[in-house]
Amino acid sequence: SQQGEEDPQALSIQEGENATMNCSYKTSINNLQWYRQNSGRGLVHLILIRSNEREKHSGRLRVTLDTSKKSSSLLITASRAADTASYFCATDARYKLIFGSGTRLLVRP
Amino acid sequence: SQTIHQWPATLVQPVGSPLSLECTVEGTSNPNLYWYRQAAGRGLQLLFYSVGIGQISSEVPQNLSASRPQDRQFILSSKKLLLSDSGFYLCAWGIAAITDTQYFGPGTRLTVL
């Protein structure tokens, strides 16, 4: 069964706007990760947040984790056309990572 | 710095033909290695992982097999491809726990006709 699921499935915004993506999961986790995938390419690791952390920043990225609601959000501020990609959350399930189906982000110039 | 290579980048194979995809990692020792498959517009499905030479764990029983003949080499194989084997195959490596950060290769696009 799916562990993490992203919402929305697709998001289209204007350059300069903020983009927010959400991830919900079902069972308890030790950590949650966000990855980016450009079309036809491999995944790039963005941020890992552990279960005892509530918020983490990396450049224009801000990730929050609410373990009581079993959810996480990824915020990209001041988006750029180069941020156009699919974004995946991955949660740990015992001995492996489980990836959601992703949010496809389109940033219009 | 560490790098991960996959080849070939694209592959078109007939049904029933064999398959061999190769993944190599540079700049690190004794990495955990992973093979994933991604269907179009979907997330990643873990196929195999390895924590050491000759140690392979299979996630989904299917038409594929994996081998790790050297510390930084991971090979995905099939004796006879099926149409359903088409997809985007990604190799990844990690150092810490299996559920920690993973670093992905560029992927191989496999089309079985």
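Predicted, not measured: the structure shown is a model, and the values here were computed from it.

(A) Looking closely at the pairing of strand β3 (residues 19-26) of chain B. Residue and element names in this part refer to chain B. With five bridges joining them, strand β1 (residues 3-7) and β3 adopt antiparallel strand pairing. When the sheet's bridge partners are listed, Thr3 is paired in β3 with Glu26. Across six bridges, β3 lies against strand β8 (residues 73-78) in antiparallel orientation. Within β8, the residue paired with Ser20 across the bridge is Ser77.

(B) Spotlight on the sheet that holds strand β8 (residues 71-76) of chain A. All names here are of chain A. Spatially, the five strands line up as an open sheet ordered β1-β3-β8-β7-β6, and their pairing is antiparallel. Each edge of the sheet is formed by a strand with only one pairing partner; in this case those strands are β1 (4-7) and β6 (55-58). The mean inter-strand angle of the sheet, taken between neighbouring strand axes irrespective of direction, is 15°. As defined by bridge partners, strand β7 (residues 61-66) adjoins β8 across six bridges and the pair is classed as antiparallel. Considered in β8, the bridge of Thr64 is made with Ser73.

(C) Region of interest: the interface of chain A and chain B. Across the contact, 22 residues belong to chain A and 20 residues belong to chain B. The three residues of chain A that bury the most area against chain B are Leu43, Tyr95 and Phe99 of chain A, which together make up 31% of that side's buried surface. Applying the counting rule to chain A against chain B returns two salt bridges. For Asp100 of chain B, the salt bridge is made with Arg50 of chain A, and the minimal N-O distance between the two is 3.3 Å. The tally of links between chain A and chain B comes to eight residue pairs in polar contact (both at pLDDT 80 or more). Breaking the side of chain A that touches chain B down by element, the ones donating at least two residues are β4 (31-37), β5 (43-50), β9 (85-93) and β10 (96-99) of chain A. Here the residues of the side of chain A that touches chain B are counted per class, giving eight nonpolar, nine polar and five charged.

(D) View of the pairing of β5 of chain A. Residues and elements named next belong to chain A. Direction of pairing for β4 relative to β5: antiparallel, over a ladder of seven bridges. Bridged to Gln37 within β5 is Leu43. Counting the residues in the hairpin turn of β4 and β5 gives five residues, including Gly40, whose phi is positive at 75°.

(E) Representation of the side chain of Ser17 of chain B within the structure. Residue and element names in this part refer to chain B. Topologically, Ser17 is positioned in the loop between β2 (10-13) and β3. Within the structure, the side chain of Ser17 is placed 3.4 Å from the side chain of Gln13, a separation counted as a polar contact. Residues within four places of Ser17 in sequence aside, it is in contact with Lys79, Lys80 and Leu81.

The rules behind each value
Residues numbered from 1 in each chain as written. Chains lettered and ligands numbered in written order. Predicted model: local features only at pLDDT ≥ 70, side-chain atom pairs only at ≥ 80, totals over all residues. Heavy atoms only, no water. Pairing = 2+ DSSP bridges. Helix = DSSP H or I, 4+ residues; strand = E, 2+ residues; numbered from the N terminus. Axes fitted to C-alpha atoms, helices over the stretch in contact; angles between N-to-C directions. Contact = heavy atoms within 4.5 Å. Buried area = accessible area lost by both parts, 1.4 Å probe. Salt bridge = Lys/Arg side-chain N within 4 Å of Asp/Glu carboxyl O. Polar contact = N/O pair within 3.5 Å; in protein donor to acceptor, adjacent residues only side chain to side chain. Nonpolar A, V, L, I, M, F, W, Y, C, P; charged D, E, K, R; others polar.

Coordinates in, geometry out; function isn't part of it.
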